[in-house]
Amino acid sequence: MYDFAYHKPASVADAVKLLADPDAKAVSGGHTLLPALKHRLNKPSALVDLSGIAELKGIRRVGNAIVIGALTRHVEVATSAEVAASIPALAYLAGHIGDVQVRNRGTIGGSVSNNDPAADYPAAVLGLGATVHTSARKIAADDFFLGMFTTALEPNEILTAIEFPIPEKAGYAKMKNPASRYVMAGAFVSKGPMGVRVAINGAAPCVFRQADMEKALSANWSADAVAAVKQAADGLNADIHGSAEYRAHLVTVMAKRAVAAAG
Ligand SMILES: Cc1cc2nc3c(=O)[nH]c(=O)nc-3n(C[C@H](O)[C@H](O)[C@H](O)COP(=O)(O)OP(=O)(O)OC[C@H]3O[C@@H](n4cnc5c(N)ncnc54)[C@H](O)[C@@H]3O)c2cc1C
């Protein structure tokens with residue numbers, strides 16, 4: 001690791017001030033950032049530890065939405081009675097992130113801000129048409145994920161919470177890498193106030209909506225309807241774990257499973 005200063009602010013306002021330094025970085029669970037620092041892949045002047053900010057914590061129902069604070073750990077979403085009752089697919093997703101250690105350390109805010117192509121939460125955020133709350137504004141999911149590890153967040157903008165509209169139906173399925181449990185290809189499907197949505201993660205450099213599947217499901221909500229839709233391999237990820245063609249095939253298989261899980 002390189003040397004850096006360490007700050008632990010008690011409020012979002014103080015954290016934003018500290019992040020005015022363009023070389024400072026926010027840290028939540030540290031599960032992605034700390035390994036990067038250990039490998040000297042990142043050289044921040046300061047770490048701004050968000051873990052002491054009470055206003056970033058907690059899960060609550062607000063009208064017809066579930067609002068989850070950025071610092072909420074995956075295990076808390078997986079075991080929340082409120083989430084299980086309103087959006088069981090989201091509880092299922094959180095309960096299948098990594099392993100026990102990852103779920104007890106990683107946070108929803110860190111995961112969504114990081115926008116790893118193989119992360120789980122971006123599929124739920126896009127697949128439910130959630131709204132991302134930040135220290136400065138509210139951003140619709142459709143405008144948030146811009147590319148690999150890239151989001152609409154400005155350098156000194158903090159993700160504070162995510163507002164998930166409660167759907168009529170939702171389901172999630174992923175083919176996971178057997179070692180890391182990161183997603184090879186996954187699908188989050190939903191039907192509700194934001195219409196019919198299908199978000200695909202793991203397969204491409206960034207989570208994306210599968211428009212042909214959304215059209216098919218709008219006409220006929222059934223696993224058979226998405227089974228007929230093929231995903232093109234162009235532009236999909238290819239690596240030692242699987243070719244683009246394999247991932248394209250998985251997209252249809254995972255979408256079918258997600259619709260079946262949604263019921
Ligand atoms: C072995 C292993 C297996 C894993 N498997 C999976 C898996 O199967 N699925 C999956 O989805 N994830 C997986 N993860 C990732 C894990 O789920 C963490 O959620 C993820 O690393 C980021 O969360 P964090 O809180 O640790 O973020 P941090 O490491 O603290 O931060 C990550 C990035 O986000 C920024 N950041 C953090 N919080 C905020 C905020 N509130 N506002 C703005 N920027 C912020 C940081 O500056 C940094 O750039 C795995 C991780 C490990 C180590």
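Once a new chain begins, its residue numbering starts again from 1 and follows that chain's sequence as written. Local features are withheld for residues below a pLDDT of 70 in this predicted model, meaning they are given only at 70 or higher, and side-chain atom pairs are given and counted only at 80 or more; totals for whole chains, interfaces and linings count all residues. The basis for every side-chain value is the complete set of non-hydrogen atoms in the structure, without hydrogens or water.

Let's talk about the nonpolar core
Thought 1: Formed by 39 residues in total, the largest nonpolar core has its most connected members in Leu90, Val112, Tyr121, Val125, Phe144, Phe164 and Phe188.
Thought 2: Residues count as neighbours in contact if any of their non-hydrogen atoms are within 4.5 Å of one another. In this view, Phe164 contacts Asn64, Ala65, Ile66, Ile68, Ile87, Leu90, Ile108, Ala124, Val125, Leu128 and Ala130; residues no more than four positions away in its chain are not counted.
Thought 3: Within the second largest apolar cluster, 29 residues are counted, among which are Met184, Leu236, Val251 and Val259. As used here, the term nonpolar core means buried Ala, Val, Leu, Ile, Met, Phe, Trp, Tyr and Cys residues forming a set that is joined through side-chain atoms within 4.5 Å. Each residue is assigned to one of three classes by its accessible area relative to the maximum for its type, calculated with a 1.4 Å probe on protein chains only: buried under 20%, partly exposed between the two thresholds, exposed over 50%.

Topic: the domain arrangement of the chain
Thought 1: Either an automatic procedure or a domain database provided the assignment from which the domain bounds are taken. Partitioning the chain into domains gives domain 1 (1–53) and domain 2 (171–262).
Thought 2: When each unit is reduced to the centre of its C-alpha atoms, the spacing between domain 1 and domain 2 is 34 Å.

As for the layout of surface pockets
Thought 1: When its volume is computed, the largest pocket comes out at roughly 1300 Å³.
Thought 2: In the cavity and pocket records, a cavity denotes points on a 1 Å grid over the protein atoms alone where a 1.4 Å probe fits but cannot get out, a pocket denotes an open set with protein on both sides within 12 Å along at least 5 of 7 lines, and lining residues are residues with an atom within 4 Å of a point. Thr32, Gly110, Ser111, Ser113 and Asn114 are, among the 50 residues lining the largest pocket, the residues nearest its centre.
Thought 3: Going along the chain from the N terminus, every DSSP run of H or I of four or more residues is numbered as a helix, and every run of E of two or more is numbered as a strand. When contributions to the lining of the largest pocket are tallied by element, the ones reaching two or more residues are β2 (24–27), α2 (33–38), α7 (108–114) and β9 (150–151).
Thought 4: The dominant element in the lining of the largest pocket, judged by the number of residues it contributes, is α7, at five residues.
Thought 5: Three classes are used, and their members are as follows: Ala, Val, Leu, Ile, Met, Phe, Trp, Tyr, Cys and Pro are nonpolar, Asp, Glu, Lys and Arg are charged, and the others, Gly among them, are polar. Here the residues of the lining of the largest pocket sort into 22 nonpolar, 18 polar and ten charged. Grid points are joined across faces, edges and corners, and a volume is the space filled by probe spheres set on the points.

Remarks on the sheet that holds strand β14 (residues 208–209)
Backbone-to-backbone hydrogen bonds pair the strands of a sheet. The strands run either parallel or antiparallel.
Thought 1: Any two strands with at least two DSSP bridges between them are considered paired. Across the sheet, which stays open at both edges, the four strands sit in the order β11-β12-β13-β14 with antiparallel pairing between neighbours. Looking at strand neighbours, the two that pair on one side only are β11 (169–176) and β14, the edges of this open sheet.
Thought 2: Where strand β13 (residues 195–201) lies against β14, two bridges are found, and the strand directions are antiparallel. In the sheet register, Ala199 faces β14, and the bridge partner there is Arg209.
Thought 3: Running at roughly 20° to β11, helix α5 (residues 88–95) makes contact with β11 and β12 (183–192) of the sheet. Here an angle of 0 to 180 degrees is reported between the N-to-C directions of two axes, which are lines fitted to C-alpha atoms, with helices fitted over the stretch in contact.

Side note on the sheet that holds strand β6 (residues 131–134)
Thought 1: Sheet architecture is open: five strands sit in the order β4-β5-β10-β6-β7, paired in antiparallel fashion. In this open sheet, the two edge strands, each paired with only one partner strand, are β4 (59–62) and β7 (138–140). Between one strand and the next, the sheet's axes are offset by a mean angle of 25°, whatever the strand orientation.
Thought 2: Bridging between strand β5 (residues 65–69) and strand β10 (residues 159–165) involves five bridges; their strand directions are antiparallel. What sits directly across from Ile68, in β10, is Ile162.

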